[in-house]
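For reference, the chains in residue letters:
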Amino acid sequence: MLSFLAASDDYVVDTQNLEHYSEAQPLVIFLTTKSIAPYIAKFGSSVIGLDATFNITMYNFALFAIMGRCEGGGVPFGYFVSSHKSEIAVTLGLIMFKRNVSQLLSHRASAISGCHLTVPNFAPMCICIDKDEAERAAIKTVFPDSLIILCHYHFMVIMIDEARALRHGLDEDQVIALMNAIRTLAASTTLNEFQQHLFDIKSVSSSFFKYFEANFLNERWIDTFSEVNREHLSWAILRSCRSNMLVEVSFRTLKYTIHNGLRNKRLDELLYSIVFKLFPYFIVREKGSSIMKPRQVPPLSVRQEGTLLFRFVLNEIAE
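Summarised in this report is the structure supplied together with it. Values in this document were obtained by computation on a predicted structure and should not be read as measured data.

### Focus: the pattern of salt bridges
The final tally for this structure, using the stated rule, is 9 salt bridges. Between Asp-14 and Arg-99 there is a salt bridge, and its shortest N-O distance comes to 2.4 Å. On the criterion of sequence distance, the pair formed by Asp-14 in strand 1 (residues 11–16) and Arg-99 in helix 3 (residues 87–113) is long-range, its members being 85 residues apart. Linking Lys-85 and Glu-135 is a salt bridge whose minimum nitrogen-to-oxygen distance equals 3.5 Å. Of this pair, Lys-85 sits in the loop between strand 5 (73–82) and helix 3 while Glu-135 is found in helix 4 (residues 133–142), placing the two residues 50 residues apart along the sequence. Judged by its relative accessible area of 22%, Lys-85 falls in the partly exposed class. Taking relative accessible area as the criterion, Glu-135 reaches 0% and is therefore assigned buried.

Next up, the structure:
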């Protein structure tokens, strides 16, 4: 499968440690398609999302998706499979992504201008992630100038789960007061507001504040979950970097629309699905978003028939 893709003019394949791999030298396979270059050029400079999913092959490899936001919702810029989810593995995957995307954009710019142009190394303004230490550290290594955004949804889920933990002994009114303070903290745009809302959190529960201080008020995460460090961004970018749900949509599309809700057990099947089904699915959706109004998909059996959009993609490929 990899040899076939590497020999094609339509796809980009980059690999590391295919035959002998370990945690220190993880297997990494990066995939993208050359047809995605215009979308990266148009949507990739502002915000991208990064996340991983597991249990997608029998070897328990991790699949990482790198998604951009566009008119059609989301569009994948690349995927990489890794034998481990360590900082080393994520760093290798992001290096492959950066190198290959930079080359794609350079070739595209040269083709448009008619002469050879060298495009600077690709680097998005912001990268949205869940609270994952390996991803955070890898981004700091590969994209040191990119602003890391902690997904607001995942941040609030962590907060509500911790607020309701029995060790803090909070009643429902205290939990509500605490969550209101956390919401206003995340919406803070100045250091004075941020400090005031920290005081509000501490006044509700000193034990929760100790947890929050240890896990979020440190050099790794303090810049990621509030608006204080995002004031220089445009409103359009601010709206698109609050959540990592587009990456989740990519995984759900793969698992439940393309794999029909059945667990995939083959690495070659995963690679085939990504290249020949997942990329075309999102490209067709993005192209159609400019000419078709959003519509409700009738309640069909996904396992038997798939969504209308997925069947449309297959028909496009067949033709």
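### What to know about the packing of aromatic side chains
Applying the stated rule across the entire model yields 20 aromatic pairs. On the basis of an interplanar angle of 40° and a centroid distance of 6.4 Å, the ring pair of Phe-4 and Phe-276 is categorised as tilted. Here Phe-276 lies in helix 11 (residues 267–289) and Phe-4 lies in helix 1 (residues 2–7), a separation of 272 residues in the sequence. The exposure class assigned to Phe-4 is exposed, which follows from its relative accessible area of 52%.

Rules behind the numbers
Residues numbered from 1 in each chain as written. Predicted model: local features only at pLDDT ≥ 70, side-chain atom pairs only at ≥ 80, totals over all residues. Heavy atoms only, no water. Salt bridge = Lys/Arg side-chain N within 4 Å of Asp/Glu carboxyl O. Helix = DSSP H or I, 4+ residues; strand = E, 2+ residues; numbered from the N terminus. Buried < 20%, exposed > 50% of the residue type's maximum accessible area, 1.4 Å probe, protein only. Phe/Tyr/Trp six-rings, centres within 6.5 Å; stacked < 30°, edge-to-face > 60°.

Honestly, it's all geometry; don't read function into it.
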